[in-house]
Amino acid sequence: MNMIYLLIGCSILLALLFLLAFFWVIKSGQNDDTFTPAVRILFDDEVAEKEIEISDEDHT
Amino acid sequence: MLKENVTSSETHCFHCGEDIIVRQYTHNDKQFCCSGCKTVYNILTEHNLSNYYVYNKIPGKTQSKITSNFDYLEVTQVVSKLVDFEDQFRTIVTLYIPAIHCSSCIWLLEHLHLLQSGILQSRIDFLKKQVSVTFKNDEINLKQLVQLLCSIGYEPLISFQDIVKKGQSRKTERSLITKIAVAGFCFGNVMLLSFPDYFGLGDFEREFKDFFGWLNLSFSLPVVLYSGKEYFVSAWTNLKAKRLNLDFPLALGILVMFLRSAYEIISQTGAGFVDTLCGLVFFLLIGKWMQERTFHHISFERDYRSYFPVAVTTINHGVERPIQLSDLKTGDRILIRSHEILPADAILLKGEAEIDFSFVTGESIPVKKTLGEIIYAGGRQLSGSIEMEVLKPVSQSYLTQLWNNNAFIESKKRIKTFSDTASRYFSIILLIIALSAGIFWISTDPSKALASFTSVLIIACPCALALSSPFTLAAVLSVFDKNRFFLKNTSVVEELARINTYVFDKTGTITNPNAAGLQFNGTIIDGQMQLISDLARNSGHLLSRELTKFIHKPAIYSVQEYTEKIGRGISGKVNGNYVKLGSSTFLNLPLKSSSSGSSIHVMINDVYVGFFTIRQQWRNGFKELMLKLSIEADLHLLSGDHDHERKQLIPFFEDSRKLHFEQSPQDKLDYIQQLQKEGKKVLMFGDGLNDSGALKQSDLGIAITDNINNFSPGCDAILDGLSFHKIPQFIQQAKDGVKVIRMSFIISLMYNTVGLYFAVQGLLSPLMAAILMPLSTITIILFTSVAVRLFAHKNKLL
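Residues numbered from 1 in each chain as written. Chains lettered and ligands numbered in written order. Predicted model: local features only at pLDDT ≥ 70, side-chain atom pairs only at ≥ 80, totals over all residues. Heavy atoms only, no water.

Quick look at the overall build of chain B
Here comes step 1: Within chain B one finds 28 helices and 28 strands.
Here comes step 2: The principal-axis extent of the C-alpha atoms belonging to chain B is close to 110 × 65 × 65 Å.
Here comes step 3: Within chain B, the fraction of its 798 residues that count as buried is 53%.
Here comes step 4: In chain B, the proportion of contacts linking residues at least 24 apart, taken out of those at least 6 apart, comes to 66%.
Here comes step 5: Within the structure as shown, chain B displays about 36,100 Å² of accessible surface, and the carbon and sulfur contribution to it stands at 56%.
Here comes step 6: Chain B carries 80 positive and 74 negative side-chain charges, and their two centres are separated by 3 Å. (Helix = DSSP H or I, 4+ residues; strand = E, 2+ residues; numbered from the N terminus. Buried < 20%, exposed > 50% of the residue type's maximum accessible area, 1.4 Å probe, protein only. Contact = heavy atoms within 4.5 Å. Areas by Shrake-Rupley, 256 points an atom, 1.4 Å probe, with all protein chains shown as cover. Lys, Arg positive; Asp, Glu negative; His and termini not counted. Charge placed at Lys NZ, Arg CZ, Asp CG, Glu CD.)

A few points about the nonpolar core
Residues and elements named next belong to chain B.
Here comes step 1: Phe485, Tyr502, Phe504, Phe653 and Phe724 are the most contacted members of the largest nonpolar core, which has 120 residues in total.
Here comes step 2: In this structure, this core is formed jointly by two domains, domain 3 (170-295 + 415-471 + 739-784) and domain 5 (477-513 + 619-735), each of which donates at least three residues.
Here comes step 3: Excluding residues that lie within four positions of it along the chain, Tyr502 makes contacts with Leu629, Ala633, Asp634, Leu635, His636, Leu683, Phe685 and Ile731. (Core = buried A, V, L, I, M, F, W, Y, C linked by side-chain atoms within 4.5 Å. Domains from an automatic or database assignment.)

A short note on the domain arrangement of chain B
Here comes step 1: On domain assignment, one finds that chain B holds domain 1 (2-55), domain 2 (71-158), domain 3 (170-295 + 415-471 + 739-784), domain 4 (308-404), domain 5 (477-513 + 619-735) and domain 6 (517-615).
Here comes step 2: Once you take the C-alpha centre of each, domain 4 of chain B and domain 6 of chain B turn out to be 30 Å apart.

Some remarks on the pairing of strand 3 (residues 83-86) of chain B
All names here are of chain B.
Here comes step 1: Sheet topology note: the strand 3/strand 4 (residues 90-96) ladder contains 3 bridges and is antiparallel. Along strand 4, the bridge assignment pairs Val83 with Val93.
Here comes step 2: Hairpin connection from strand 3 to strand 4: 3 residues lie between these consecutive antiparallel strands. (Pairing = 2+ DSSP bridges.)

Considering the pattern of salt bridges
Pairing between side chains of opposite charge can happen when their charged atoms approach one another.
All names here are of chain B.
Here comes step 1: Tallied over the entire structure, the rule returns 23 salt bridges over all chains.
Here comes step 2: A salt bridge links Lys668 to Asp505; the shortest N-O distance between them is 3.0 Å. You can see Lys668 sitting in helix 25 (residues 665-677) and its partner Asp505 sitting in strand 17 (residues 501-505), a full 163 residues away along the chain.
Here comes step 3: Asp505 gets classed as buried once you look at its relative accessible area, which sits at 2%.
Here comes step 4: Taken together, the shared-partner salt bridges connect Asp634, Lys658, Glu678 and Lys680 into one network. (Salt bridge = Lys/Arg side-chain N within 4 Å of Asp/Glu carboxyl O.)

Notes on helix 28 (residues 766-794) of chain B
Spacing of three or four residues puts side chains on the same side of an α-helix, whose turn is 3.6 residues.
Here comes step 1: Taking 1.5 Å per residue as the helical rise, helix 28 of chain B with its 29 residues ought to reach 42 Å, and the 42 Å between its terminal C-alpha atoms agrees with that figure.
Here comes step 2: At the C-terminal side of helix 28 of chain B, B:Lys796 shows a positive phi close to 55°. (Expected span 1.5 Å × (residues − 1).)

Remarks on empty space enclosed by the protein
Residue and element names in this part refer to chain B.
Here comes step 1: Counted by the stated rule, this structure contains 7 cavities of 30 Å³ or more.
Here comes step 2: Of the pockets and cavities examined, the largest cavity occupies roughly 140 Å³.
Here comes step 3: Around the largest cavity, the lining is made up of 15 residues, and of these Ile459, Cys461, Asn752, Met773 and Ser776 lie nearest the centre.
Here comes step 4: Of all the secondary-structure elements, those providing two or more residues to the lining of the largest cavity are helix 18 (446-459), helix 19 (463-482), helix 27 (727-760) and helix 28.
Here comes step 5: For the lining of the largest cavity, the class distribution of residues is 11 nonpolar, 4 polar and no charged. (1 Å grid on protein atoms, 1.4 Å probe; cavity = no way out; pocket = protein on both sides within 12 Å on 5 of 7 lines; lining within 4 Å. Points joined across faces, edges and corners; volume = space filled by probe spheres on them. Nonpolar A, V, L, I, M, F, W, Y, C, P; charged D, E, K, R; others polar.)

Details of the confidence of the model for chain B
Here comes step 1: Scored by pLDDT, chain B comes out at a mean of 83, with 91% of its residues at no less than 70.
Here comes step 2: Complex prediction metrics read pTM 0.80 and ipTM 0.78. (pLDDT = per-residue confidence, 0-100.)

As for the packing of aromatic side chains
Residues and elements named next belong to chain B.
Here comes step 1: A full pass over the atoms with the stated rule returns 29 aromatic pairs over all chains.
Here comes step 2: Relative to Phe282, the ring of Phe187 lies with its centre 5.8 Å away and its plane at 35°, an arrangement referred to as tilted. Here Phe187, found in helix 9 (residues 168-199), pairs with Phe282, found in helix 13 (residues 274-292); they are 95 residues apart in sequence, far enough to count as distant.
Here comes step 3: With a relative accessible area of 10%, Phe187 lands in the buried category.
Here comes step 4: When its relative accessible area of 18% is taken as the criterion, Phe282 is described as buried.
Here comes step 5: Summarising the aromatic geometry, the rings of Phe211 and Phe212 are spaced 6.0 Å apart at their centres and angled 40° between planes, so their arrangement reads as tilted.
Here comes step 6: Joined through ring pairs, the aromatic side chains of Phe14, Phe32, Tyr41, Tyr52 and Tyr53 make up one cluster.
Here comes step 7: The residue whose ring lies beneath Arg424 is Tyr425, and the NZ or CZ to ring-centre distance is 5.6 Å.
Here comes step 8: The positively charged end of Arg619 is found above the aromatic ring belonging to Phe724, 5.9 Å away from the centroid. (Phe/Tyr/Trp six-rings, centres within 6.5 Å; stacked < 30°, edge-to-face > 60°. Lys NZ or Arg CZ within 6 Å of the ring centre and 35° of its normal.)

Regarding the interface of chain B and chain A
Here comes step 1: Across the contact, 29 residues belong to chain B and 23 residues belong to chain A.
Here comes step 2: Summed over both sides, the interface between chain B and chain A buries roughly 2,400 Å², with carbon and sulfur atoms accounting for 68% of that surface.
Here comes step 3: Contact with chain A buries surface across chain B, with B:Arg174, B:Phe185 and B:Phe208 losing the most and accounting together for 22% of the total.
Here comes step 4: Counting every contact that joins chain B to chain A gives 1 salt bridge.
Here comes step 5: The residue A:Arg40 makes a salt bridge to B:Glu110 at a minimum N-O spacing of 2.6 Å.
Here comes step 6: In this assembly, chain B and chain A are joined by 5 residue pairs in polar contact (both at pLDDT 80 or more). (Buried area = accessible area lost by both parts, 1.4 Å probe. Polar contact = N/O pair within 3.5 Å; in protein donor to acceptor, adjacent residues only side chain to side chain.)

Structure, rendered in structure tokens:
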């Protein structure tokens, strides 16, 4: 049963890592703007768009 | 469907969607309303940025405004105040751009590097309407950057005030979230470690009990010392000032819980209340976060500094030089270009002044001034450049000296909220019960005395009580938000429920600045109207545009011999008739003192036909609103205008003595103060800078605006003009909100009574506390949000 000590220690350590990661997220300001990134990700990359067009033509 | 698209692209500008009045701006088969829109389109297509028009149909904003002069952005002191970071190679600057409104804006402004290679990166914060640009110093400077932004239709609003304060609120919010994270982390772990004890441990698992206890205790340390620190600080400072606020029983509860848990764990007599303790702090902090959540994209603290320019051009021996506004002295000669704001009271020395005072008074019709006349600060020059001599420094001007008043220096004194009053009695009763329970057990069974004393303080810890207010008010706030009524913070709701006197500004507040109707005085036939409309179509002047809109006829004739005297009138030959439109001096008429503001006189073939007058239109639902409000409240009117509309307004106000005209900004402030001295709770509705003093002095100042992103003076709440008629509903909702808080107080008191029943007998177990506390909290959260929504349905706000 001594294994439990180790397991609990590990689980707390892991949880602490997540907490630290959250601190880092807050500090780096990733949560300051929760709206714009959601829109930004929908924009097509210019270069990528052209490549897709070319590959589409290849298929047809 | 296809047909519809075709017609819409024919009559609306491809860039901004405005109606096309003059059809002369075409490019690539696309129609534009003005050369500004066309230029933006040209720039964007040249740089392969036409995707801008793909993401949204009509992404642009109308470009008819004349671009400002940005010479002052080369003055080092100004630049150093504006930029966030600067070294030898790069500069980072954050600019506020009111025109940001759709995903196309984000896309375009984040691809600035395609327009100018000197720009390294640009990032948008959409909700705050800010763009943060990093650029190379040797390729582009701040002035060029701003000019580039203007050229594509995104003129930044540069002022010192908004930029100085940024970042501060973000820091406190971040620290609160960190505290919540710590409390939540500890709460989760402690709950897991406490379960075995709650469910009962087998004999051979006993050895873990101490281990879990010590772990729990160590988890509670950061919760008490870090996350819960503020409750101790607040309770202590209030106690020193001989006040009992709700933080006192909270801090006491936290402290007692911690000490008793520590004692039980160290002495191995029990499991302690660590679980309840962590949960309590976690929920409390969430309540606090709900309360402090505000609208970052709306500024409530604006004063004249946000709207006055950063710098002004002075003329010294014929040399133009931009200087910072704060360096402006009496006697300086300044140059105000078209569409610039006059920053200080000054005498007109040269040029034709046509001043738009809409920032100040809400009046959208420009006023003409003659040489030698004093023009007060805050007006925007519309036609051509003017030269002026400064009479008073910026801070001492007629308008701005308002901000030296006490109302702006002291922060508003809020009356005690319901929870403040309630918590005082609560704290006293709680202490009495705890002490009497302890004393009772000392005389009967001393071993239980300490246990029952601490149990009472633990179980009665007013967690649910502390949460009922923030959760109710936050729910009310979000209901208001959906109806385009934006409150500065949650305490405004309780204030709103208490108001019994309403004071209205006139122009722009109860009248609709966008729907100023015209009225023709005289006799005219339809054919003549057609001539007037075709002539007015050629002018970009505000009144001409209004006129074309008012007559609402399609263009038939073209105009020959068209002339326009800026600010005076227009003339031309339409279908063989010589038509003249304009002021009485322009038509060489004998000067008539027209009683109701601006008028446009009409002359056709040298025969005087009559004149158009501007008729103010009340906002939608104004009559019904006044009727409803007058039933239980006192209504007053404070207008800066002349009293030519007194007669129309008298029916709305029960007493003509409550109508006041020609009020200066200071008069308005004093009037509110007078009402308050009579013991009234005053709500002020205003819209211009001249109402700022009254808005600040009143118990609750509401600014009315037709565009939330446009100017609004410092206030407690901002109301969209479209929701003007909903004011009685908002007030009812605020009253209902206070009712909900009271009901939830009763519910949480019931939970407390159940807990107390066990606590005074010394029978409170950690498990009971661990169930009761979250249960009461969740009940309150559910009850408040459901009840507020139900009331909102009843008040037709949802």
